[in-house]
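Here's the letter readout for the chains.
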Amino acid sequence: NSVEWYDSSDARCYAGGTDAVTSYNKACLTRREQYPLTENKYQYIADELEEKGYYVLKNAFSCDRVLKFHEETTALLSDSKNLKFNDTYLQMVDQPMLKSRSAFDFAFDDLIIDIVSSYFQCIPALGTVNLKRSLVNQLPPTETLLFHCDTNCIKFLKFFVYLNDVDMDGGPFTYVEGSHKNKFQYWENKYRWPDNEIEFFYGKNKIKHLTASAGDLIIANTTGFHKGTKVKNNERLMYTINYTIHPEYWKPVSFGIKNSDYDSLSENKKPVADFLLRN
């Protein structure tokens, strides 16, 4: 039987279908009225994200800045009381923006905010942030190491900041080009998909392993199919930051920032903290 495909004009391309699309569009209009875009600096990146679903910006951050963040993260991960999650696959810092000044600074970085504002045509807000180390082990890929589509929102951007160089052995973020706007008929039948099935639907040439150096910035609309490739020889330190125009899953966000850090933000950046807790 031939498989039907859904493009971006079809609500079946999105988790939640018509209701989710209607709610998103309403939230988008509200956000654009409330926090309009004042300067559209990165339309060319927004256009490529719309087309391919991902973008790699080389040398986005200085080596010194990334090294400082790397050192902060390594120190945090060395103490179990800082960990939200710790198993054979990965270690994850609990509340990164409360524990690391670098985590806060990157989440509110001018470059990142300008890019994501061009994408949404308004000032967006922060959702989930994750600061983690992927560990080398001999176990089979599982969970986020299998292809999946995020269902937090029908459209949002995730920024990946590599804190060390990531080659094919270092577990690069892997994305299926165009899959954010091109879904096959049964894509919601299960959440995790093995490589061979994704290759069958999209072809091997659409699967992009986004190797990069420390200081490079990877951006993706992760409502498309993606996964973290399993690390083979080198541990991977990575910070991920989500931006959206409504709270993820339409639920209160559980990530926080310090009141003093919030107060230090310029007026045009304070909306980025709309969905965060204050501590």
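These figures come from a predicted structure and were not determined experimentally.

### Remarks on the environment of Asp169
- Relative to the assigned elements, Asp169 resides in the loop between strand S6 (157–162) and strand S7 (173–176).
- Considered as a pair, Asp169 and Ile257 are 88 residues apart in the sequence and their alpha carbons are 34 Å apart.
- When neighbours within four sequence positions are excluded, Asp169 is seen to be in contact with Val231, Lys232, Asn233 and Asn234.
- At 3.1 Å, the side chain of Asp169 and the side chain of Asn233 are in polar contact.

### With respect to helix H6 (residues 110–120)
- By the criterion of burial, H6 is predominantly enclosed, with nine of the 11 residues buried.
- Here H6 has its buried residues at Leu111, Ile112, Ile113, Ile115, Val116, Ser117, Ser118, Tyr119 and Phe120.
- Looking at where H6 begins, the residue whose side-chain oxygen comes 2.9 Å from the main-chain nitrogen of Leu111 is Asp109.
- Trailing H6 by a residue or two, Gln121 shows a phi angle of about 60°, which is positive.

### A short note on the layout of surface pockets
- The volume enclosed by the largest pocket comes to roughly 1,000 Å³.
- Lining the largest pocket are 42 residues, with Met92, Asn130, Lys132, Thr144 and Lys158 sitting closest to its centre.
- Among the secondary structure elements, those contributing two or more residues to the lining of the largest pocket are strand S3 (83–86), strand S4 (90–93), strand S5 (125–134), S6, strand S11 (226–228) and strand S12 (236–244).
- Considering every element that reaches the lining of the largest pocket, the biggest residue donor is S5, with five residues.
- A per-class count over the lining of the largest pocket returns 15 nonpolar, 15 polar and 12 charged.

### A look at the packing of helix H2 (residues 43–52) against H6
- Interhelical geometry of H2 versus H6 gives an angle of 60° and a closest axis separation of 8 Å. When the axis of H2 is compared with that of H6, the two are oblique. H2 and H6 meet at a crossing whose hand is right-handed. Across from Gln43, Ile45, Ala46, Leu49 and Glu50 in H2, the residues of H6 making contact are Ile115, Ser118 and Tyr119.
- When the residues that make up the contact of H2 with H6 are grouped by side-chain class, the tally is five nonpolar, two polar and one charged.

### Looking at the sheet that holds strand S2 (residues 54–57)
- Taken in spatial order, the seven strands of this open sheet run S2-S10-S6-S12-S5-S4-S3, and their pairing is antiparallel. Only two strands of the sheet have a single neighbouring strand rather than two, namely S2 and S3. Strand-to-strand twist of the sheet, defined as the mean angle between neighbouring strand axes without regard to direction, takes the value 20°.

### A few points about the pairing of S4
- Of the two faces of S4, the one lined by Leu90 and Met92 and the one lined by Gln91 and Val93 are each fully buried.
- Linking two consecutive strands that pair antiparallel, namely S3 and S4, is a turn of three residues.
- Across three bridges, S4 lies against S5 in antiparallel orientation. Paired with Leu90 across the bridge in S5 is Ser134.

### Some thoughts on the state of the cysteines
- Taken as a whole, this structure holds zero disulfides when the rule is applied.
- For the unlinked cysteine Cys13, the closest cysteine sulfur is that of Cys149, found at 8.7 Å.

### Notes on the sheet that holds S7
- Reading across from one edge, S9-S7-S11 is the order of the three strands in this open sheet, with antiparallel pairing throughout. Bordering the open sheet on either side are strand S9 (207–210) and S11, each of which pairs with just one other strand. The mean angle between the axes of side-by-side strands here comes to 20°, regardless of whether they run parallel or antiparallel.
- Direction of pairing for S7 relative to S9: antiparallel, over a ladder of four bridges. The residue bridging Tyr175 from the neighbouring strand is Lys208, located in S9.

Analysis parameters
Residues numbered from 1 in each chain as written. Predicted model: local features only at pLDDT ≥ 70, side-chain atom pairs only at ≥ 80, totals over all residues. Heavy atoms only, no water. Helix = DSSP H or I, 4+ residues; strand = E, 2+ residues; numbered from the N terminus. Contact = heavy atoms within 4.5 Å. Polar contact = N/O pair within 3.5 Å; in protein donor to acceptor, adjacent residues only side chain to side chain. Buried < 20%, exposed > 50% of the residue type's maximum accessible area, 1.4 Å probe, protein only. 1 Å grid on protein atoms, 1.4 Å probe; cavity = no way out; pocket = protein on both sides within 12 Å on 5 of 7 lines; lining within 4 Å. Points joined across faces, edges and corners; volume = space filled by probe spheres on them. Nonpolar A, V, L, I, M, F, W, Y, C, P; charged D, E, K, R; others polar. Axes fitted to C-alpha atoms, helices over the stretch in contact; angles between N-to-C directions. Parallel < 35°, antiparallel > 145°, perpendicular 65-115°, else oblique. Left-handed = near helix turned anticlockwise from the far one by under 90°. Pairing = 2+ DSSP bridges. Disulfide = S-S within 2.5 Å.

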